[in-house]
Amino acid sequence: MPRSFPVPDSAVDRAARMDLSVLLAAHIDAARRQDPLQQPLLNWAEGDTIVQLLETLARLLSEEPLGELADELAEKLRTRLGHPPGYDPARIAAAVTDHLSRRLGVELS
């Protein structure tokens, strides 16, 4: 599990995060009326990194609107990204079965 970092919790810090969350939510709400991009601007690994950053922000600020917004955006981006390139469940299952067969010394089918 990633390390937890202290989040500044003064009234000024909380107000700044609230202002940011309101601004970002309004920006996202306005963007929902626009057509989605037809061409990705990120590769899968870059998108996955952004999802991880958003998920971390959501955990750190779970009790705040900014955390809720980060969680929502992470979920949407994760859904749009889908599986990594080359993801093949059948190949993964075959590799696990092969490894277990060799490890246990028995043929698994």
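Keep in mind that what you see is a predicted model, and the values were worked out from it rather than measured. (Residues numbered from 1 in each chain as written. Predicted model: local features only at pLDDT ≥ 70, side-chain atom pairs only at ≥ 80, totals over all residues. Heavy atoms only, no water.)

Here we look at the overall build of the protein
A tally of helices and strands in the protein yields four helices and zero strands. Listing every helix and strand of the protein by position from the N terminus yields α-α-α-α. Taking 109 residues into account, the globule formula puts the C-alpha radius of gyration at 13 Å, and the protein, at 20 Å, lies well above it. The principal-axis extent of the C-alpha atoms belonging to the protein is close to 65 × 40 × 15 Å. A total of 109 residues make up the protein; the buried ones form 15% of that total. (Helix = DSSP H or I, 4+ residues; strand = E, 2+ residues; numbered from the N terminus. Rg over C-alpha atoms; globule rule 2.2 N^0.38 Å. Buried < 20%, exposed > 50% of the residue type's maximum accessible area, 1.4 Å probe, protein only.)

Quick notes on the packing of helix 2 (residues 44-60) against helix 3 (residues 65-81)
Interaxial distance between helix 2 and helix 3 falls to 8 Å at its minimum, and their mutual angle equals 155°. In this view, helix 2 runs roughly antiparallel relative to helix 3, as classed from their interaxial angle. The handedness of the crossing between helix 2 and helix 3 is left-handed. Of the residues in helix 3, those touching helix 2 at Trp44, Gly47, Asp48, Ile50, Val51, Leu54, Glu55, Leu57 and Ala58 are Gly67, Ala70, Asp71, Leu73, Ala74, Leu77, Arg78 and Leu81. Tallied by class, residues from the contact of helix 2 with helix 3 come to 11 nonpolar, two polar and four charged. (Axes fitted to C-alpha atoms, helices over the stretch in contact; angles between N-to-C directions. Parallel < 35°, antiparallel > 145°, perpendicular 65-115°, else oblique. Left-handed = near helix turned anticlockwise from the far one by under 90°. Contact = heavy atoms within 4.5 Å. Nonpolar A, V, L, I, M, F, W, Y, C, P; charged D, E, K, R; others polar.)

Structural notes on the pattern of salt bridges
Using the criterion set out here, one finds four salt bridges in the structure. The salt bridge involving glutamate 64 is made with arginine 17; its shortest N-O contact spans 2.8 Å. On the criterion of sequence distance, the pair formed by glutamate 64 in the loop between helix 2 and helix 3 and arginine 17 in helix 1 (residues 11-31) is long-range, its members being 47 residues apart. We classify glutamate 64 as buried; its relative accessible area is 15%. Exposure remark for arginine 17: the relative accessible area of 12% places this residue in the buried category. Here glutamate 55 and arginine 78 are joined by a salt bridge, their closest N and O atoms 4.0 Å apart. A residue pair is termed long-range when its members are at least 10 positions apart, and glutamate 55 in helix 2 and arginine 78 in helix 3 qualify at 23 residues. For glutamate 55, a relative accessible area of 29% corresponds to the partly exposed category. Each of Asp48, Glu55 and Arg78 takes part in one network of salt bridges that share partners. (Salt bridge = Lys/Arg side-chain N within 4 Å of Asp/Glu carboxyl O.)

Side note on a nonpolar patch on the surface
A surface patch of nonpolar side chains, about 580 Å² in accessible area, is lined by Tyr87, Ile92, Val96, Leu100, Leu104, Val106 and Leu108. One can find valine 96 in helix 4 (residues 89-104). (Patch = residues over 30% accessible without salt bridge, like charges linked within 9 Å, V, L, I, M, F, W, Y side chains within 5 Å. Areas by Shrake-Rupley, 256 points an atom, 1.4 Å probe, with all protein chains shown as cover.)

Examining the nonpolar core
Within the largest apolar cluster, five residues are counted, these being Val51, Leu54, Ala58, Ala70 and Ala74. When contributions to this core are tallied by element, the ones reaching two or more residues are helix 2 and helix 3. When residues of this core are assigned to their parent elements, the largest contribution, three residues, is made by helix 2. Aside from chain neighbours lying at most four places away, what touches alanine 70 is Leu54, Leu57 and Ala58. (Core = buried A, V, L, I, M, F, W, Y, C linked by side-chain atoms within 4.5 Å.)

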